[in-house]
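# Fold and contact review
These are the residues of each chain, in order.
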Protein chains: 2
Amino acid sequence: MPPKHHCRRRLRSSHPCCGAHQAAAGCPSQVITPWDVTGGADGKIDYNKLVAQFGCQSIDASLVERIERLTGRPAHPFLKRGIFFAHRDLNELLDAYERGQPFYLYTGRGPSSEALHLGHLVPFMFTKWLQDAFRVPLVIQLTDDEKFLWRGLSVEESRRLARENCKDIIACGFDVARTFVFADFEYVGGAFYRNIARIQRCVPMNQVRGIFGFSTDDNIGKIAFPAIQAAPAFPDSFPHMFGERKDVRCLIPCAIDQDPYFRMTRDCAPRLGHLKTALIESRFFPALQGESGKMSASDQSSAIFVSDTPKQIRSKVNKYAFSGGGDTVEEHREKGANLDVDVSWKWLNFFLEDDARLAQIGEEYGSGRMLTGDVKAELVGVLTEMVERHKAARAAVTDEIVDAFMAVRPMPNLWG
Amino acid sequence: MPPKHHCRRRLRSSHPCCGAHQAAAGCPSQVITPWDVTGGADGKIDYNKLVAQFGCQSIDASLVERIERLTGRPAHPFLKRGIFFAHRDLNELLDAYERGQPFYLYTGRGPSSEALHLGHLVPFMFTKWLQDAFRVPLVIQLTDDEKFLWRGLSVEESRRLARENCKDIIACGFDVARTFVFADFEYVGGAFYRNIARIQRCVPMNQVRGIFGFSTDDNIGKIAFPAIQAAPAFPDSFPHMFGERKDVRCLIPCAIDQDPYFRMTRDCAPRLGHLKTALIESRFFPALQGESGKMSASDQSSAIFVSDTPKQIRSKVNKYAFSGGGDTVEEHREKGANLDVDVSWKWLNFFLEDDARLAQIGEEYGSGRMLTGDVKAELVGVLTEMVERHKAARAAVTDEIVDAFMAVRPMPNLWG
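Residues numbered from 1 in each chain as written. Chains lettered and ligands numbered in written order. Predicted model: local features only at pLDDT ≥ 70, side-chain atom pairs only at ≥ 80, totals over all residues. Heavy atoms only, no water.

## Notes on the sheet that holds strand S3 (residues 57-58) of chain A
All names here are of chain A.
- Here we have seven strands laid out as an open sheet, ordered S3-S4-S9-S8-S5-S6-S7, and mixed in their pairing. At either end of the open sheet lies a strand with only one pairing partner, and these are S3 and strand S7 (179-183).
- Across four bridges, the pairing between strand S4 (residues 84-88) and strand S9 (residues 278-282) is antiparallel. Each bridged residue has a counterpart across the sheet, and for Arg-88 the counterpart in S9 is Leu-279.
- Sitting on the sheet, helix H4 (residues 90-98) is in contact with S4, strand S5 (103-109), strand S8 (249-255) and S9, with an inclination near 140 degrees to S8. (Pairing = 2+ DSSP bridges. Helix = DSSP H or I, 4+ residues; strand = E, 2+ residues; numbered from the N terminus. Contact = heavy atoms within 4.5 Å. Axes fitted to C-alpha atoms, helices over the stretch in contact; angles between N-to-C directions.)

See below:
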């Protein structure tokens, strides 16, 4: 049952910033950039319109089936439920995969907070599934430089947050034999820097102004930054993994607000002798306050963090999760809940793995037999279990393990 | 005897480009940027006006004497003859030096040609003298990334030229125990990259537009590049040399067209907790064709290269060196040569070390007793000796020696 809700917050908050930018992507009333997500007149995001505007493609049932067939696994709930709903060149990537041609995954995070919130986890959970299902290498970029350039953070604080966030990312269960995590302030240089310069030479200021809404008031680091997020899409940015190979395809799982970066990257690719990167793109994860709210790492009440206690989780869900239920029990029993705006229901669609139980809740709650309190209790149970599991996994991530994931090292067993 | 000639070519051609930029520095008719040097209405550069416009200071006799006193050496001819004629904060740097506070030298080159020409050698010859006289460390930046961004070169070709140019630079006689040569495509990263980002955050696009004349048609690499040339002015960009010290001052010998980069750098310095870099700046080295000509590494006839044969040197000087002599021998004997426009005389001012002989030539040639042919023969002798000496020194520069200068290594004996 695909969630129909439209939300205001990116999943992969790799590159949020001041939000002051208003770029060209989206219709006059709907603005989607890596830093700003604003719905249309009704506050909702029209994802169909977005797919058309961005020029990407929807993921349909046959594509989901194809992934199941190729991997021999049931599709991840995010795929089945249309949370990852759009793509670029995914069929071409799968064609190549069927022919035995290699690909790797690339995703990332802009480290702006001490701990991740649940929205941040979504792309990593899905990426882990993709890595396990396809048995492919993965690179994860921590854009500490980007957070430094956009926010008031010091270099030192950005680097510290990158390392803290890395622990949360590793706790998602990635395979160290096939995963390279890097922070820009450490890794920029050498082959990676040379690809950054190659991309920069392809991209005039006018183009980043058009794509991202940069102005001449912006600092020159911001203006040059898109090339730094683009470079990991080219395999020879990672000579310790892929040598100088250019025939390794790249698939990027991300929220759709990151699409502008990779449209730019795809434009450059053929000019630099590279294959165009493929994308698999998600909807936004809603704030507790609902689709018109803004989930922010700096607003504790808008999000559940992976460091929250069971008590905090219960309290936040009960207090803030926007309800689509009736104003009174009588009205609710009569008309049922409006699932389109109910945040607890939306979140269950992300995190309740049991399809049958999810369908049952949808049916019972939508028809008014189940009350908001019951659904919130169900959500609290799911989230608490998930967060406690994450905390235990994170506690096991030592500094040595972080170093192992972040080491620039030969990686002889990337595939198979 | 300071040369009065005004020339159209920078000495330190670290960052020449397409020449399409017209920036704000200089009066309406006199435009001086790192990429474009255009004289006033009469084709001449008014250096006094330039000093006033840029806001730097002239080097006077007392400053030259102070350098002689502090180093215990006679001043280099470039200093005595006013070729290095302007500075920023040189007195403050010398005050600190007298108090026993350390400084280092920073210069560079944009590797755009196979071999250096004599104009390229000028800042390196002077920098070597400074290094020997003050016994201080030196960093030399090879901006292969800049040449890549501005020109049609490939990354590989830019890197190759950087290494070739490095051999010519080493041949100038630098002390490997105190000299670190680096090429951006290799060295950008780590502490150096973190300083680049710090500088970029200080500098809005509007500022580089004002300083360098960049437009929104320029690629984003060019727009961000000034921070890469600025970063070596901060000592903690070189942790293998200076650790995390911020109290090591920096002195940059360069041609005055590079001043815009370092005005920008000096603006950023206090905001980043750094000392403002000091500068010692030279006039431009004239092309063979004279002050209205353009010496270019891509125009063989405009310059003498360190790879030229004695025959080529003789031929070029005789054929192209603009003469200020009379049209006929009779006229010359009567009126004398116009030293203000005579290129052979100008070049002798750069490279003939013997003050007495130089004064004699000026006297004899200016009064018409010496003919242009005699002066050219004298110049050919000086240049041939200099180029042959350079060739022999360069032939001794093995790949191992290049590696030694370019190694990121502990350098325990930087001073003394």
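## Structural notes on the nonpolar core
- One finds Ile-199, Val-208 and Phe-238 of chain A together with Ile-199, Val-208 and Phe-238 of chain B to be the most contacted residues of the largest nonpolar core, which totals 100 residues.
- The residues contacting Ile-199 of chain B, other than those within four sequence positions of it, are Ala-227, Ala-230, Ala-231, Phe-234, Met-264, Cys-268 and Leu-272 of chain B. (Core = buried A, V, L, I, M, F, W, Y, C linked by side-chain atoms within 4.5 Å. Buried < 20%, exposed > 50% of the residue type's maximum accessible area, 1.4 Å probe, protein only.)

## Comments concerning the domain arrangement of chain A
Residue and element names in this part refer to chain A.
- Segmentation of chain A into domains returns domain 1 (32-288) and domain 2 (310-396).
- With centres defined by C-alpha atoms, the gap from domain 1 to domain 2 works out at 30 Å.
- Each partner contributes residues to the interface: domain 1 has 18 residues there, and domain 2 has 23 residues.
- Taken over both partners, the interface formed by domain 1 and domain 2 buries close to 1,900 Å², and the fraction arising from carbon and sulfur atoms is 66%.
- The three residues of domain 1 that bury the most area against domain 2 are Arg-81, Leu-118 and Leu-288, which together make up 40% of that side's buried surface.
- For the pair domain 1 and domain 2, the interface holds four salt bridges. (Domains from an automatic or database assignment. Buried area = accessible area lost by both parts, 1.4 Å probe. Salt bridge = Lys/Arg side-chain N within 4 Å of Asp/Glu carboxyl O.)

## Some points on the pairing of S5 of chain A
Residue and element names in this part refer to chain A.
- For S5, the tally of buried residues reaches seven of seven residues, placing the bulk of the element in the interior.
- Relative to S8, S5 is paired through three bridges, and the arrangement is parallel. Across the sheet, Leu-105 pairs through a bridge with Leu-251, a residue of S8.
- In the sheet, S5 pairs with strand S6 (residues 138-142) via five bridges, with the strands oriented parallel. Bridging from a neighbouring strand, Arg-109 pairs with Leu-142 of S6.

## Here we look at the relation of the copies chain B and chain A
- The transformation that overlays chain B on chain A combines an axial shift of 0.0 Å with a rotation of 180 degrees, and the residual RMSD is 0.0 Å. Put plainly, the chains are arranged around a two-fold axis. Minimal C-alpha separation from the rotation axis in chain B is found for Gly-189 of chain B, amounting to 2.2 Å.
- Of the residues that chain B buries at the interface, 100% are likewise interface residues in chain A, meaning the two copies contact each other through the same surface. (Least-squares fit on C-alpha atoms with pLDDT ≥ 70 in both.)

## Side note on the packing of aromatic side chains
- In total, this model carries 72 aromatic pairs over all chains according to the counting rule given.
- Here the aromatic rings of Trp-150 of chain A and Phe-225 of chain A are separated by 5.7 Å at their centres, their planes lie at 80 degrees, and the arrangement is edge-to-face. Here Trp-150 of chain A, found in helix H6 (residues 144-150), pairs with Phe-225 of chain A, found in the loop between helix H11 (220-224) and helix H12 (226-230); they are 75 residues apart in sequence, far enough to count as distant.
- For Trp-150 of chain A, a relative accessible area of 8% gives the class buried.
- A connected cluster of aromatic rings, assembled from ring pairs, spans Phe-78, Phe-84, Phe-126, Trp-129, Phe-285, Trp-347, Phe-350 and Phe-351 of chain A.
- Over the face of the ring belonging to Phe-148 of chain B we find Arg-201 of chain A, whose NZ or CZ atom lies 3.8 Å from the ring centre. (Phe/Tyr/Trp six-rings, centres within 6.5 Å; stacked < 30°, edge-to-face > 60°. Lys NZ or Arg CZ within 6 Å of the ring centre and 35° of its normal.)

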